[in-house]
Amino acid sequence: MPALIDLRRRIKSVRNTQQITKAMKTVAMAKFKKAQRIILESRPYWHGSPDLMAKVVHWAEKKGHPLLVKRDEKRVEGVVITSDKGLAGAFNSNLLAKALAFFEDKARDASVNLVLIGKKAVNFFKKSPFLVDRSYSEQAQELSQSGLKDLAQFLMRLYIYSQIDAVYVVCNEFKSILSPRITITRLLPLSPPESQEGEDIPPDWEPGAGALLESLLPLYVENQIQRFFSESEAAEHAARMMAMDNATNNAEELIGDLTLVMNKIRQASITKELLEIMTAVEALAEK
Amino acid sequence: MTDNLPSSIRLRVVSPRKLLVDEEVQEVSLPSLEGYVGILPGHRFLFLALGKGKITYRMAGREEGVSVQGGYAEVLPDKVLVLTESTEDETQQSAEG
């Protein structure tokens with residue numbers, strides 16, 4: 001039977017852990033609310049921008065653009081977005097497993113280079129055979145708008161100079177609090193969704209169709225990267241919130257169990273002492 | 001065409017951070033790269049690149065405006081959609097925050 005003092009110590013340490021997880025949950029919740037607000041407020045833009053791109057491409061297609069050219073996938077560039085910190089349940093491990101499987105499949109008939117965002121991705125792919133072009137760790141959460149823009153321009157440059165034939169982005173997308181969704185998206189070549197509206201009249205342009213296409217498409221790519229990044233961030237905080245909530249509940253349960261055992265032991269020792277006293281009294285009375 | 005001209009335009013101005021305007025308006029003026037373009041209901045289908053300036057719109061006697069730093073506009077006879085990168089409002093907000 002464990003000693004009373006050991007149990008007390010264990011309960012105390014579990015309680016300390018619980019306090020930490022509770023605090024982390026609160027922090028994650030605050031960060032998540034902020035990230036969620038950003039995503040919700042930017043939804044109209046994400047809804048509108050592929051649509052506009054599709055229409056512009058539809059009408060300006062004859063002009064053509066290097067970012068729209070499809071080539072055989074000989075050299076694939078993969079972008080993997082994870083978080084820096086763990087303690088977010090299966091958030092990173094699920095994503096990394098899926099990314100690895102996907103790129104291994106691609107590697108069968110193409111060479112695969114990677115761009116990694118987040119410490120977890122960097123550590124994970126250290127052991128893999130893929131070449132890493134760029135990696136952002138530690139400061140990934142602070143990766144500013146200009147940093148992402150720079151990354152987008154790097155990818156577009158490689159694509160336009162035919163250094164790579166396709167760019168795939170693997171990241172967590174914020175679907176709901178309960179479960180992030182892992183998405184694999186082809187970023188380049190751009191494949192605009194089919195425009196549904198059957199406008200027959202060709203539009204006017206200002207400036208010309210070619211010029212508009214030239215400035216709109218890079219912007220679209222930059223915005224996409226930005227979007228993936230904020231989606232991943234929101235999903236990360238949501239995942240951490242859930243993980244920490246579970247941890248807090250588990251700690252509560254554990255404390256309950258341990259307290260029960262502790263009380264039983266204490267009760268047993270009291271009963272034992274009482275018995276001893278009683279026997280002593282009985283023995284004295286007989287004399 | 002003249003029989004079924006729409007009487008108003010649905011104006012939506014969105015940035016990656018926010019839905020800035022969503023209104024039924026009578027008239028809107030957009031800052032194109034080469035000067036302001038006035039849009040009335042029933043305008044021709046037009047793609048427009050925007051420069052730095054102010055989008056002003058008129059509705060029911062009121063006139064309001066929002067500043068943009070550039071962007072793109074899709075003009076349809078009864079609808080104007082503006083996608084903009086940043087607005088002055090936002091830069092002010094971030095300066096305060």
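Now for a look at the structure at hand. What you see is a predicted model; the values in this text were computed from it and never measured.

## Considerations on the overall build of chain A
Turning to step 1, where the next piece is worked out: Looking only at helices and strands, chain A has five helices and six strands in total.
Turning to step 2, where the next piece is worked out: If you list the helices and strands of chain A from N to C, you get α-β-α-β-α-β-α-β-β-β-α.
Turning to step 3, where the next piece is worked out: For chain A, the C-alpha radius of gyration of 29 Å lies well beyond 19 Å, the compact-globule estimate for 287 residues.
Turning to step 4, where the next piece is worked out: Overall, chain A is about 120 × 40 × 30 Å in size when its C-alpha atoms are taken along their principal axes.
Turning to step 5, where the next piece is worked out: The proportion of buried residues among the 287 residues of chain A is 41%.
Turning to step 6, where the next piece is worked out: Taking the 39 positively charged and 36 negatively charged side chains of chain A as two groups, their mean positions are separated by 6 Å.

## Structural notes on the packing of helix 4 (residues 145–160) of chain A against helix 5 (residues 209–286) of chain A
All names here are of chain A.
Turning to step 1, where the next piece is worked out: Orientation of helix 4 relative to helix 5, taken along the N-to-C sense of each, is 125°, at an axis distance of 9 Å. Considering their axes alone, helix 4 and helix 5 lie oblique with respect to each other. Note on packing geometry: the crossing formed by helix 4 with helix 5 is right-handed. Along its contact with helix 4, which presents Gln 145, Leu 148, Lys 149, Leu 151, Ala 152, Gln 153, Leu 155 and Met 156, the element helix 5 presents Pro 218, Val 221, Glu 222, Ile 225, Gln 226 and Phe 229.
Turning to step 2, where the next piece is worked out: Tallied by class, residues from the contact of helix 4 with helix 5 come to nine nonpolar, three polar and two charged.

## Digging into the interface of chain A and chain B
Turning to step 1, where the next piece is worked out: Taken together, the contacts link 25 residues of chain A with 25 residues of chain B.
Turning to step 2, where the next piece is worked out: Summing both sides of the interface, chain A and chain B together bury roughly 2300 Å²; the carbon and sulfur share of this comes to 63%.
Turning to step 3, where the next piece is worked out: Linking chain A with chain B are zero salt bridges, by the criterion used here.
Turning to step 4, where the next piece is worked out: At the junction of chain A with chain B, the criterion picks out one residue pair in polar contact (both at pLDDT 80 or more).
Turning to step 5, where the next piece is worked out: Of all the secondary structure elements, the ones that give two or more residues to the side of chain A that touches chain B are helix 1 (4–60), strand 6 (204–206) and helix 5 of chain A.
Turning to step 6, where the next piece is worked out: With 11 residues, the single largest contributor to the side of chain A that touches chain B is helix 1 of chain A.
Turning to step 7, where the next piece is worked out: In terms of residue class, the side of chain A that touches chain B is made up of 14 nonpolar, five polar and six charged.
Turning to step 8, where the next piece is worked out: As paired strands, strand 6 of chain A and strand 5 (residues 46–59) of chain B are joined by three bridges and run parallel to one another. Looking across to strand 5 of chain B, one finds that A:Asp204 is bridged to B:Leu46.

## Some points on the pattern of salt bridges
Residue and element names in this part refer to chain A.
Turning to step 1, where the next piece is worked out: Under the defined criterion, the tally for this structure stands at 16 salt bridges over all chains.
Turning to step 2, where the next piece is worked out: A salt bridge links Asp 165 to Arg 75; its shortest N-O distance comes to 3.2 Å. Linking Asp 165 in the loop between helix 4 and strand 4 (166–173) with Arg 75 in strand 1 (residues 75–81), this pair joins segments that are 90 residues apart in sequence.
Turning to step 3, where the next piece is worked out: You can call Asp 165 buried: its relative accessible area is 2%.

## Let's talk about the nonpolar core
Turning to step 1, where the next piece is worked out: Counting residues in hydrophobic clusters, the biggest one holds 47 residues, and the most contacted among them are A:Leu155, A:Leu187, A:Leu188 and A:Leu190.
Turning to step 2, where the next piece is worked out: It is helix 5 of chain A that contributes the most residues to this core, 11 residues altogether.
Turning to step 3, where the next piece is worked out: Apart from the residues within four sequence positions on either side, A:Leu155 is in contact with A:Glu77, A:Val79, A:Val115, A:Ile164, A:Val167, A:Leu187, A:Leu188 and A:Ile225.
Turning to step 4, where the next piece is worked out: With 21 residues, the next largest nonpolar core counts B:Val25, B:Ile39, B:Val75 and B:Val80 among its residues.

Thresholds, definitions, all that
- Residues numbered from 1 in each chain as written.
- Chains lettered and ligands numbered in written order.
- Predicted model: local features only at pLDDT ≥ 70, side-chain atom pairs only at ≥ 80, totals over all residues.
- Heavy atoms only, no water.
- Helix = DSSP H or I, 4+ residues; strand = E, 2+ residues; numbered from the N terminus.
- Rg over C-alpha atoms; globule rule 2.2 N^0.38 Å.
- Buried < 20%, exposed > 50% of the residue type's maximum accessible area, 1.4 Å probe, protein only.
- Lys, Arg positive; Asp, Glu negative; His and termini not counted.
- Charge placed at Lys NZ, Arg CZ, Asp CG, Glu CD.
- Axes fitted to C-alpha atoms, helices over the stretch in contact; angles between N-to-C directions.
- Parallel < 35°, antiparallel > 145°, perpendicular 65-115°, else oblique.
- Left-handed = near helix turned anticlockwise from the far one by under 90°.
- Contact = heavy atoms within 4.5 Å.
- Nonpolar A, V, L, I, M, F, W, Y, C, P; charged D, E, K, R; others polar.
- Buried area = accessible area lost by both parts, 1.4 Å probe.
- Salt bridge = Lys/Arg side-chain N within 4 Å of Asp/Glu carboxyl O.
- Polar contact = N/O pair within 3.5 Å; in protein donor to acceptor, adjacent residues only side chain to side chain.
- Pairing = 2+ DSSP bridges.
- Core = buried A, V, L, I, M, F, W, Y, C linked by side-chain atoms within 4.5 Å.

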